[in-house]
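Next come the chains, spelled out residue by residue.
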Amino acid sequence: MDRLKTYRLKELDDTGLDRICRRPRIDLESLVTKVRPILEDVRRDGDAAIRRYTKKFDGIDLRDIVVDPESLDVTLPDEEKHALDIAMRNVHRFHREQMSMNLEVETMPGVTCSRVIRPIEKVGLYVPGGSAPLPSTAVMLGVPALTAGCETIILATPPDRNGSVPPAIAYVAQKIGAKKILLAGGAQAIAALAWGSESVPGVDKLFGPGNQYVTAAKMLLQNSEAMVSIDLPAGPSELLIIADETADPDFVAADLLSQAEHGPDSQVVLAAVSGFDLEELETALERQLGELPRVSIATDALAHSFIVLADRVEEALDFSNRYAPEHLILNCRNAVELMDRVEHAGSVFLGGWTPESLGDYASGTNHTLPTYGYARMYSGVSLSSFQKSITFQEATPDGLKHIGPTVETLAGMEGLDAHRLAVSRRLEKLNNG
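So, here is what we can say about the structure in this document. Keep in mind that this is a model prediction, so the values were computed, not measured.

### A word on the pairing of strand E3 (residues 103–108)
Line of reasoning, step 1. The pairing of E3 with strand E4 (residues 111–119) spans 5 bridges and is classified as antiparallel. Looking at the pairing, Glu-104 lines up with Ser-114 of E4.
Line of reasoning, step 2. As consecutive antiparallel partners, E3 and E4 are separated by 2 residues, and within that stretch Gly-110 has a phi angle of approximately 85°, a positive value.

### Things to note about the pattern of salt bridges
Line of reasoning, step 1. Applying the stated criterion across every chain yields a total of 19 salt bridges.
Line of reasoning, step 2. Among the ionic pairs, Glu-225 bridges to Arg-43, the shortest N-O distance being 3.0 Å. With Glu-225 in the loop between helix H8 (212–221) and strand E9 (229–230) and Arg-43 in helix H2 (residues 28–45), this residue pair connects regions lying 182 residues apart in the sequence.
Line of reasoning, step 3. Each of Asp-41, Arg-44, Asp-45 and Arg-52 takes part in salt bridges that share partners, so that together they form one network.

### Regarding the sheet that holds strand E14 (residues 347–350)
Line of reasoning, step 1. Pairing within the open sheet is parallel, and its 6 strands lie in the order E1-E12-E11-E10-E13-E14. The sheet is open, and its two borders are formed by strand E1 (5–8) and E14, each paired with just one other strand. When the angles between neighbouring strand axes are averaged without regard to direction, this sheet yields 15°.
Line of reasoning, step 2. Bridge count for strand E13 (residues 327–331) against E14 is 4 bridges, and the pairing is parallel. Bridge pairing links Leu-328 to Val-348 in E14.

### What to know about the sheet that holds strand E5 (residues 122–126)
Line of reasoning, step 1. Across the sheet, which stays open at both edges, the 6 strands sit in the order E2-E7-E6-E5-E8-E9 with mixed pairing between neighbours. Each edge of the sheet is formed by a strand with only one pairing partner; in this case those strands are strand E2 (66–67) and E9.
Line of reasoning, step 2. Judged from the 2 bridges that link them, E2 and strand E7 (residues 180–183) form a sheet pairing that is antiparallel. For Val-66, the partnering residue across the bridge sits in E7 and is Leu-182.

### Observations regarding the layout of surface pockets
Line of reasoning, step 1. Approximately 230 Å³ is the volume attributed to the second largest pocket.
Line of reasoning, step 2. Forming the walls of the second largest pocket are 13 residues, and the residues nearest its centre are Ile-26, Leu-28, Thr-215, Met-219 and Tyr-374.
Line of reasoning, step 3. Elements with a minimum of two residues in the lining of the second largest pocket: H2 and H8.
Line of reasoning, step 4. Its residues placed into classes, the lining of the second largest pocket shows 10 nonpolar, 2 polar and 1 charged.

### Section: a negative patch on the surface
Line of reasoning, step 1. The grouping of Asp-248, Asp-277, Glu-279 and Glu-280 at the surface amounts to a negative patch.
Line of reasoning, step 2. Turning to its location among the elements, Asp-277 is positioned in the loop between strand E11 (267–273) and helix H10 (278–290).
Line of reasoning, step 3. Here Asp-277 falls in the partly exposed class, since its relative accessible area comes to 38%.

### What to know about the nonpolar core
Taken as a class, soluble globular proteins show a tendency for nonpolar side chains to be buried jointly.
Line of reasoning, step 1. In this structure, Val-123, Leu-182 and Phe-386 are the most contacted members of the largest nonpolar core, which totals 72 residues.
Line of reasoning, step 2. Contact partners of Leu-182, with chain neighbours within four places excluded, come to Ile-50, Ile-65, Val-66, Leu-155, Ala-156, Thr-157, Ala-189, Ala-192 and Val-200.

### Describing empty space enclosed by the protein
Line of reasoning, step 1. Within the structure shown, the criterion is met by 3 cavities of 30 Å³ or more.
Line of reasoning, step 2. Reported here for the second largest cavity is a volume of approximately 50 Å³.
Line of reasoning, step 3. Lining the second largest cavity are Arg-23, Pro-24, Pro-236, Ser-237, Glu-238, Asp-265, Ser-266, Gln-267 and Tyr-372.
Line of reasoning, step 4. Looking at side-chain class alone, the lining of the second largest cavity contains 3 nonpolar, 3 polar and 3 charged residues.

### Things to note about the packing of helix H1 (residues 14–21) against helix H12 (residues 313–323)
Line of reasoning, step 1. With their axes 10 Å apart at the nearest point, H1 and H12 run at an angle of 60° to one another. By the criterion of interaxial angle, the relationship of H1 to H12 is oblique. Seen from above, H1 lies across H12 with right-handed handedness. Contacts between H1 and H12 pair Asp-14, Leu-17, Asp-18, Ile-20 and Cys-21 from the former with Phe-319, Arg-322 and Tyr-323 from the latter.

### Digging into unusual backbone geometry
Line of reasoning, step 1. Although it is not a glycine, Ala-324 sits at a positive phi angle of roughly 55°.
Line of reasoning, step 2. Locating Ala-324 in the fold gives a position in the loop between H12 and E13.
Line of reasoning, step 3. Here Tyr-372, not a glycine, exhibits a phi torsion of approximately 60°, which is positive.

### Considerations on H10
Line of reasoning, step 1. Between its first and last C-alpha, H10 extends 18 Å over 13 residues, near the 18 Å set by a 1.5 Å rise per residue.
Line of reasoning, step 2. Buried residues of H10: Leu-281, Ala-284, Leu-285, Gln-288 and Leu-289, and no others. Each buried residue of H10 sits inside an arc of 120° when the element is viewed along its axis, so together they form one side. Exposed residues on H10 whose side chains face more than 90 degrees from its buried face are Glu-279 and Gly-290.
Line of reasoning, step 3. Turning to H10, the residues buried within the fold contact helix H9 (249–260), E11, helix H11 (295–303) and strand E12 (306–310).
Line of reasoning, step 4. Here H10 starts with a cap whose side-chain oxygen sits 3.3 Å from the backbone nitrogen of Glu-279, and that cap is Asp-277.

Calculation notes
Residues numbered from 1 in each chain as written. Predicted model: local features only at pLDDT ≥ 70, side-chain atom pairs only at ≥ 80, totals over all residues. Heavy atoms only, no water. Pairing = 2+ DSSP bridges. Helix = DSSP H or I, 4+ residues; strand = E, 2+ residues; numbered from the N terminus. Salt bridge = Lys/Arg side-chain N within 4 Å of Asp/Glu carboxyl O. Axes fitted to C-alpha atoms, helices over the stretch in contact; angles between N-to-C directions. 1 Å grid on protein atoms, 1.4 Å probe; cavity = no way out; pocket = protein on both sides within 12 Å on 5 of 7 lines; lining within 4 Å. Points joined across faces, edges and corners; volume = space filled by probe spheres on them. Nonpolar A, V, L, I, M, F, W, Y, C, P; charged D, E, K, R; others polar. Patch = residues over 30% accessible without salt bridge, like charges linked within 9 Å, V, L, I, M, F, W, Y side chains within 5 Å. Areas by Shrake-Rupley, 256 points an atom, 1.4 Å probe, with all protein chains shown as cover. Lys, Arg positive; Asp, Glu negative; His and termini not counted. Charge placed at Lys NZ, Arg CZ, Asp CG, Glu CD. Buried < 20%, exposed > 50% of the residue type's maximum accessible area, 1.4 Å probe, protein only. Core = buried A, V, L, I, M, F, W, Y, C linked by side-chain atoms within 4.5 Å. Contact = heavy atoms within 4.5 Å. Parallel < 35°, antiparallel > 145°, perpendicular 65-115°, else oblique. Left-handed = near helix turned anticlockwise from the far one by under 90°. Expected span 1.5 Å × (residues − 1). Arc of directions from axis to C-beta. Polar contact = N/O pair within 3.5 Å; in protein donor to acceptor, adjacent residues only side chain to side chain.

Laid out in structure tokens, this is it:
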């Protein structure tokens with residue numbers, strides 16, 4: 001393994017900092033050229049197009065592209081069922097506590113404004129396949145959808161080599177009450193969820209991470225006639241670790257590799273505070289990398305990863321806020337005391353005993369998070385992602401007397417006489433009645 005590129009923060013100006021914070025970018029124009037025809041094919045040909053692309057990209061010729069989860073006889077080892085049950089229980093507990101309360105406020109005497117929460121009716125959950133099925137993503141998307149009360153949950157995932165639903169994903173689909181499972185991956189699955197087809201109902205909102213084609217499909221469709229929204233821009237995985245002299249290099253190496261193994265386009269960053277043992281880290285990385293089955297993937301990811309050297313934890317935190325990582329590990333002394341200093345991050349892991357893997361699988365927080373620096377303005381998926389709010393207002397006759405003149409004045413300022421008169425005519429009746 002080549003040594004990770006290393007930069008000293010105090011030697012970098014704004015231009016240098018911006019350069020190293022810039023993620024490996026995808027060629028959006030090229031992607032759109034490849035993805036748009038797939039979206040249009042699925043819109044035009046429906047199930048037939050989905051079958052064609054599944055055969056082309058996955059090498060599987062499917063007769064039935066949609067499966068009823070309840071019709072599946074799921075066989076899983078008890079240990080795996082138990083692990084999935086614990087993960088689902090923890091995710092449910094954390095997301096249940098996010099249930100927004102309905103709101104009612106009297107803004108003026110006789111004028112009441114309220115807000116009520118409603119679930120999004122139809123949601124499509126994309127669970128990537130790739131080199132292995134990801135039941136954890138089915139948990140992270142399905143459990144909040146169920147908790148929010150979404151009426152129709154459609155899950156899409158690539159078929160396994162036998163043309164079937166991977167058993168662990170089928171198990172979760174049954175638990176969350178998914179109506180259908182679409183056996184498709186990639187842009188064609190996203191298109192099917194958005195447009196609908198003979199076998200798949202179109203949904204109101206799309207959820208789920210995926211490769212660059214999936215991300216491009218989601219972003220194109222949210223601006224199309226499909227009238228569908230998306231959760232967030234979710235690209236390749238990334239992790240930033242701040243490690244001070246108390247951090248165990250073995251743990252830091254393990255955490256860096258845990259994200260590097262996601263894919264060759266993942267990026268991991270270490271902000272090493274003065275006193276952290278970099279030589280020991282290098283030895284640990286070399287040793288642990290050689291033990292991984294996905295060594296080539298992790299090696300490719302490390303090729304565009306790097307280390308920054310900081311004199312103080314505060315300097316490292318300033319850099320982290322500039323980078324805005326998807327995952328941030330604070331492997332530092334008194335990590336909890338640093339929480340208030342974190343401004344931009346998808347999810348944060350406090351202390352040396354909290355590996356990022358906990359959040360990926362079972363702690364209870366959601367692992368669908370903003371990448372590419374989008375943590376500056378996006379939150380990760382939460383219960384509210386599966387909900388919408390509706391506002392109401394009611395004015396009594398006295399309330400209209402209180403607020404009416406204000407509205408008449410404001411409407412007049414904007415030259416909207418019909419708006420003004422909708423109030424004035426009512427006030428006249430009240431005053432003359």
